[in-house]
Amino acid sequence: MSAELKPLFEPKSIFLVGASELTGEEKIFSELFHSLVQNISSYKKGKVFLVDLSGRVQSCYKSVSKIKVGLDLAVAVLPEKLLARNLHKLLSRQPKFLVIVASKVGEELAKKTRKKTLIIGPESIGVINTKNGLIAVPGRWQIFSGDVAFISQDSCIAGNVLSLATTTGIGKLVNVDENFGIDESDILTYLSKDKETKCICVYLKKVRDGRKFIRALSETVPEKPVIVLSGSVAGAEILEAAVKQAGGIIVRDIREMLNGAAALVRQPSLHGEKVAVITNASGPAELFETHLSRKNMVLAKPSPETVEKIRKQHPQAEISNFIDLGKMADGDVYKRVAELLLSDEEVDGIVMINSMKLTSFGLEDLRKIAEIAKKIKEKPLVNVALCANDNAAFKEIVSESTLPIYSQVEEAAEAIDILRCWGKLLRKTPTYLNSPR
């Protein structure tokens, strides 16, 4: 099954079917169709064919039967009744994959499904591969391309991921719902061998085949980390135990999943419990310590030799549970202190907190400390940029940096905790890949 999934993410040919002028309650499907036309038409890695059943959009076919047989990917965005009337025609074109966006379909779909077509959906948001420009989802999204893949059993959760993934670069995303020849386990297996994917996130609202999923998970984890979020109450404890046993990382909400994934693809794992904090504002550092203690982690106590070196180089620094460099500290000061701490055996990882209001710390300073992350091979480094303006320059730094940059201290605590979870898994199984991400 894994090899068969390539046309889903790397189609050489696509056809989109919709209706441009529906009215009443069905009007939403016309709106979805128009946005999909724009998104799919920009795909340059294969041929794109458009079918408008309303016959109004120029350069579109008016009938599915005009499309040749055997294309890689078909995407249908039609209301239930209109989809039912055209489903036989769609399947007769024998696409390798059929993605059914938004619409509901009953037992009729299962009866008409052919072995030559694998169906994603119904009620799917679609499929994304930012590495080749495939955006086969409706709506207008600002998607930051990266190395994280998402598998979701729910379209709303998938849409929420797209909305919230401001610091987590998405490589691939697919929304599967009912099992019509392909499920989350099949996609997980495919992504485990995908060289463009460094971390996989999975949202489960129900487990269709528990043994199959856990087997796919256990086979994937030696290749890359897998984060699992479950929306199911029934059997949650059993699922959580099985996922952990297989090497997966359990999270409690979407934000934690995204924060953890952003760190996993950029930084090495945390092999220990001791985290040093460098800051220019004591209040946020104290709050971070509170979040860290709730996760049963502690602030590092650097060696006396390291503390003495910091005091000599930066006599204005206040050193207690954390290192407060003061409001005038710039990026160069942060870099020097971070380099000293990274060489200290009493420090397992570093979180840098910098307020960008009422201090001299600016975007160029953020660029400078982001350079440290390029040199890291053994210990993780995470940053919190407080009160940063969400402008183009800031987004550029976030997107291009190997330094995970968060806007709140609790997000950094979640990220460092997930790096610790991955580190524990790596220590249990030495054959795991432990290269910087």
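Residues numbered from 1 in each chain as written. Predicted model: local features only at pLDDT ≥ 70, side-chain atom pairs only at ≥ 80, totals over all residues. Heavy atoms only, no water.

A. The overall build of the protein, seen in detail. Each helix and strand counted, the protein has 15 helices and 19 strands in total. Its C-alpha atoms give the protein a radius of gyration of 24 Å, within 12% of the compact-globule value 22 Å for 437 residues. Taking the principal axes of the C-alpha coordinates as reference, the protein spans close to 80 × 45 × 35 Å. The 437 residues of the protein split such that 56% are buried. For the protein, restricting intrachain contacts to residue pairs at least 6 apart in sequence, the fraction spanning at least 24 positions comes to 71%. (Helix = DSSP H or I, 4+ residues; strand = E, 2+ residues; numbered from the N terminus. Rg over C-alpha atoms; globule rule 2.2 N^0.38 Å. Buried < 20%, exposed > 50% of the residue type's maximum accessible area, 1.4 Å probe, protein only. Contact = heavy atoms within 4.5 Å.)

B. Here's a closer look at the side chain of asparagine 86. Tracing the chain through its elements places asparagine 86 in helix H3 (residues 80-92). Residue asparagine 86 is classed as buried on the basis of its relative accessible area, which comes to 9%. Dropping the residues within four chain positions of it, asparagine 86 is found in contact with Leu53 and Val64.

C. The pairing of strand S13 (residues 274-279), seen in detail. With five of six residues buried, S13 is to be regarded as a mostly interior element. Pairing of S13 with strand S14 (residues 298-299), which is carried by two bridges, proceeds in the parallel orientation. Across the sheet, lysine 274 pairs through a bridge with valine 298, a residue of S14. Regarding topology, helix H10 (residues 282-294) serves as the crossover connection from S13 to the parallel S14, and that connection is right-handed. Relative to strand S17 (residues 349-355), S13 runs parallel, the two sharing five bridges. Of the residues in S17, the one forming a bridge with isoleucine 278 is methionine 352. Note: S13 against strand S16 (residues 323-324), two bridges, orientation parallel. Note that in S16 the partner of isoleucine 278 across the bridge is isoleucine 323. (Pairing = 2+ DSSP bridges. Right-handed = clockwise from strand over helix to strand, strands pointing away.)

D. Fine view of the pattern of salt bridges. Using the criterion set out here, one finds 21 salt bridges in the structure. Across the salt bridge formed by glutamate 371 and lysine 335, the nearest N and O atoms sit 3.4 Å from each other. Of this pair, glutamate 371 sits in helix H13 (residues 363-373) while lysine 335 sits in helix H12 (residues 331-342); the two residues are 36 residues apart in sequence, bridging distant segments of the chain. Among the residues examined, glutamate 371 registers a relative accessible area of 37% and is labelled partly exposed. We note a salt bridge from arginine 367 to glutamate 396, for which the minimum N-O separation is 3.9 Å. A residue pair is termed long-range when its members are at least 10 positions apart, and arginine 367 in helix H13 and glutamate 396 in helix H14 (residues 392-400) qualify at 29 residues. By relative accessible area, which is 28% here, arginine 367 ends up partly exposed. The class of glutamate 396 is partly exposed, set by a relative accessible area of 34%. A network of salt bridges, in which partner residues are shared, links Lys131, Asp147 and Lys198. (Salt bridge = Lys/Arg side-chain N within 4 Å of Asp/Glu carboxyl O.)

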